[in-house]
Amino acid sequence: MFQRRQFLKAMAGGLMVSVLPNLSWALAPAGYQRLLVLIELKGGNDGLNTVVPYASADYYRLRPGIAIPRDQVLPLDERLGLHPAMTGLRPLWQQQELAVLQGVGYPDPNLSHFRSIEIWETASNSQQYLSEGWLTRLFREQPTPRGFAADGVVLSSQALGPLDGGARAVVLSNPQDFARQAKLAADQGHAGSGALGHILKVEGDIRQAAAELSQAAKPVAAADSPMAAPRPAGAFAQAVATLTDTLSRGVSIAVARITLTGFDTHGNQPPTQARLLGELADGIALLRTQLQQQGRWDDTLVLSYAEFGRRPRENGNRGTDHGTANVHFAAGGRVRGGLYGQSPQLAGVDDGNLPCAIDFRQVYATAIQSWWGKDAHNVLGGRFAPLPILKA
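Report follows, based on the coordinates.

This part takes up the overall build of the protein. The helix and strand inventory of the protein stands at eleven helices and 13 strands. Every one of the 392 residues in the protein was classed for burial, and the buried ones make up 58%. The contacts in the protein between residues at least 6 apart in sequence include a share of 74% that link residues at least 24 apart. For the protein, the accessible surface area stands at approximately 15500 Å², while carbon and sulfur atoms represent 53% of it.

Turning next to the side chain of Thr136. Locating Thr136 in the fold gives a position in helix H4 (residues 134-141). Within the structure, Thr136 has its side chain in polar contact with the backbone oxygen of Asp164 (distance 2.7 Å). In this view, Thr136 contacts Pro162, Leu163, Asp164, Gly165, Gly166 and Ala167; residues no more than four positions away in its chain are not counted.

Let us look at the sheet that holds strand E3 (residues 51-52). An order of E3-E5-E4 is seen for the three strands of this open sheet, with the pairing classed as antiparallel. Pairing within the sheet leaves two strands with one partner each, and these edge strands are E3 and strand E4 (74-75). Both E3 and strand E5 (residues 81-82) contribute to a ladder of two bridges, which runs antiparallel. Residue Val51 lies in a different strand from E5, and its bridge partner there is Leu82.

Tallying each qualifying case throughout the model produces nine aromatic pairs. With 5.4 Å between their ring centres and 70° between their planes, Tyr32 and Phe139 make a pair best called edge-to-face. Taken as a pair, Tyr32 in the loop between strand E1 (16-18) and strand E2 (35-42) and Phe139 in helix H4 lie far apart in primary sequence, 107 residues in all. When its relative accessible area of 2% is taken as the criterion, Phe139 is described as buried.

On to the pattern of salt bridges. Under the defined criterion, the tally for this structure stands at 17 salt bridges. Two residues, Asp245 and Arg249, come together in a salt bridge whose shortest N-O distance is 4.0 Å. Since its relative accessible area comes to 12%, Asp245 is described here as buried. For Arg249, a relative accessible area of 25% gives the class partly exposed. Through salt bridges that share partners, Glu40, Glu121 and Arg257 make up one connected network.

Looking now at empty space enclosed by the protein. The full count for this structure, using the stated rule, is four cavities of 30 Å³ or more. Here the largest cavity is characterised by a volume of approximately 180 Å³. Taken together, 17 residues line the largest cavity, and the ones lying closest to its centre are Gly103, Ala325, Asn326, Pro344 and Leu354. Secondary structure elements with two or more residues in the lining of the largest cavity: strand E6 (98-105) and strand E11 (326-331). Residues belonging to the lining of the largest cavity are distributed by class as follows: seven nonpolar, eight polar and two charged. The calculated volume of the second largest cavity comes to roughly 80 Å³. If you go around the second largest cavity, you meet 17 residues; those closest to its centre are Gly105, Tyr106, Phe308, Thr324 and Ala325. Of all elements in the fold, only E6, helix H3 (113-122) and E11 reach the threshold of two or more residues within the lining of the second largest cavity. Tallied by class, residues from the lining of the second largest cavity come to eight nonpolar, eight polar and one charged.

For the rest of this paragraph, the subject is the nonpolar core. Counting 47 residues, the largest nonpolar core has Leu243, Ile253 and Leu280 as the members making the most contacts within it. Elements represented by at least two residues in this core include exactly E2, helix H2 (90-94), E6, strand E7 (152-155), helix H8 (235-248), strand E9 (255-261), helix H9 (269-293) and E11. For this core, the leading source of residues is H9, giving eight residues. If we skip the residues at most four places from it in the chain, Ile253 touches Tyr32, Leu35, Phe148, Ala150, Asp151, Gly152, Val153, Leu243 and Leu247.

Right, let's get into H9. Given a rise of 1.5 Å per residue, 25 residues ought to cover 36 Å, and the 36 Å separating the end C-alpha atoms of H9 matches this to within 8%. Phi turns positive one or two residues past the end of H9, at Gly295, with a value near 70°.

Below, the discussion takes up the environment of Ser248. When you line up the elements, Ser248 lands in helix H8. In the structure, Ser248 is positioned 47 residues away from Gly295 in sequence and 9.9 Å away in space, judged by C-alpha atoms. A polar contact of 2.7 Å, which involves the side chain of Ser248, links it to the backbone oxygen of Asp245.

This brings us to the environment of Ala325. Note on placement: Ala325 falls in the loop between strand E10 (300-305) and E11. Look at Ala325 and you get buried, because its relative accessible area is 7%. Taking C-alpha positions, Ala325 is 5.7 Å from Gly309, a pair spaced 16 residues apart along the chain. Those residues in contact with Ala325, other than ones at most four positions away along the chain, are Gly103, Val104, Gly309, Leu354, Pro355 and Cys356.

The next thing to look at is the layout of surface pockets. Considered as a void within the structure, the largest pocket measures approximately 400 Å³ in volume. Those elements that provide at least two residues to the lining of the largest pocket are E2, H3 and E9. Each residue belonging to the lining of the largest pocket can be placed in one class, and the counts come to six nonpolar, nine polar and nine charged.

This part takes up helix H10 (residues 360-371). For H10, spanning twelve residues, the distance from its first C-alpha to its last is 16 Å, which sits close to the expected 16 Å at 1.5 Å a residue. The element H10 is extensively covered by neighbouring structure, given that ten of its twelve residues are classed as buried. By the burial criterion, the buried members of H10 are Phe360, Arg361, Gln362, Val363, Tyr364, Ala365, Thr366, Ala367, Ile368 and Trp371. Taking the backbone nitrogen of Arg361 as reference, a side-chain oxygen 2.9 Å away marks Asp359 as the first, capping residue of H10. Of the residues one or two after H10, Gly373 is the one with positive phi, at around 75°.

Calculation rules
Residues numbered from 1 in each chain as written. Predicted model: local features only at pLDDT ≥ 70, side-chain atom pairs only at ≥ 80, totals over all residues. Heavy atoms only, no water. Helix = DSSP H or I, 4+ residues; strand = E, 2+ residues; numbered from the N terminus. Buried < 20%, exposed > 50% of the residue type's maximum accessible area, 1.4 Å probe, protein only. Contact = heavy atoms within 4.5 Å. Areas by Shrake-Rupley, 256 points an atom, 1.4 Å probe, with all protein chains shown as cover. Polar contact = N/O pair within 3.5 Å; in protein donor to acceptor, adjacent residues only side chain to side chain. Pairing = 2+ DSSP bridges. Phe/Tyr/Trp six-rings, centres within 6.5 Å; stacked < 30°, edge-to-face > 60°. Salt bridge = Lys/Arg side-chain N within 4 Å of Asp/Glu carboxyl O. 1 Å grid on protein atoms, 1.4 Å probe; cavity = no way out; pocket = protein on both sides within 12 Å on 5 of 7 lines; lining within 4 Å. Points joined across faces, edges and corners; volume = space filled by probe spheres on them. Nonpolar A, V, L, I, M, F, W, Y, C, P; charged D, E, K, R; others polar. Core = buried A, V, L, I, M, F, W, Y, C linked by side-chain atoms within 4.5 Å. Expected span 1.5 Å × (residues − 1).

This is the structure:
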């Protein structure tokens, strides 16, 4: 007899499938036809050098060694601008498809990597411990449609994050890997493995996903393929390309999570962050281009998140230490571009941290309620006002 927390993990070539046995999948409203793409900036990105308060003398006072020179900033307005490596985001800003969310965090913040990311991915209070990801709770209560290949896919990480604890989630290196692993699992099940055979009978989740993602793995003639151009460089761009390859074959999922790792910049931050922010901006630009070609950009919402930000004052190693409130991005064809939240208040700051202006659960409420049209109350454990970042 299966218990709620039991699931199958089949791994090969960086692939894992997680299945929650559920004998009563209900058809969900069409809201899940809109795609949510979560981008995890693992390690805690430094928000002050991402969206730079270049008009603030206090910013340069607090960061004499690592501040972005004013003449290098990509201006958003007369006070704030993007890191110079993020030129890929300028077209989104100019087309008002990029929202900058300032001061995102939560009350009583925790500065441990492990605990803080757990808070973000379970949508818990600071002193509350939950065992399921916030998306897992949502999909259990308000399931994705029966015909979906999976609730979501996870790229560039083996951790399920907000899909942990029972969602129909696939850790995907590429569609070919998934197709091979799912076929192997099905073959073993038919060969007489009692336990595996029983799992494979539960609503055919693995086989359903295999069938759809196997189609995604089949080569397409170059003249017909939206991905005929040379593959992009860098792990993040490759993950974006894998996602758009899969979507281009008509695979239905509600969410994708892509992880970009390396933001724990305690030392020599400038070159590391410049490289990562360049990858982030170029990857989002690639995602936009590919989904525009597929006619899906207007039905895609991109949200970034990280366990925490960094302190306003630089440390003694040309880096930054764990901090609190941070800047994040929302992007998409239906996004109402602009600045939201509260710009960094640095006057009088010495070794302190930045206050929280936007509770991260407001960002999740925006995705659940405003984007998908679902009820967020039970999932988030309370009422959190969605942000006005989406066009009607």
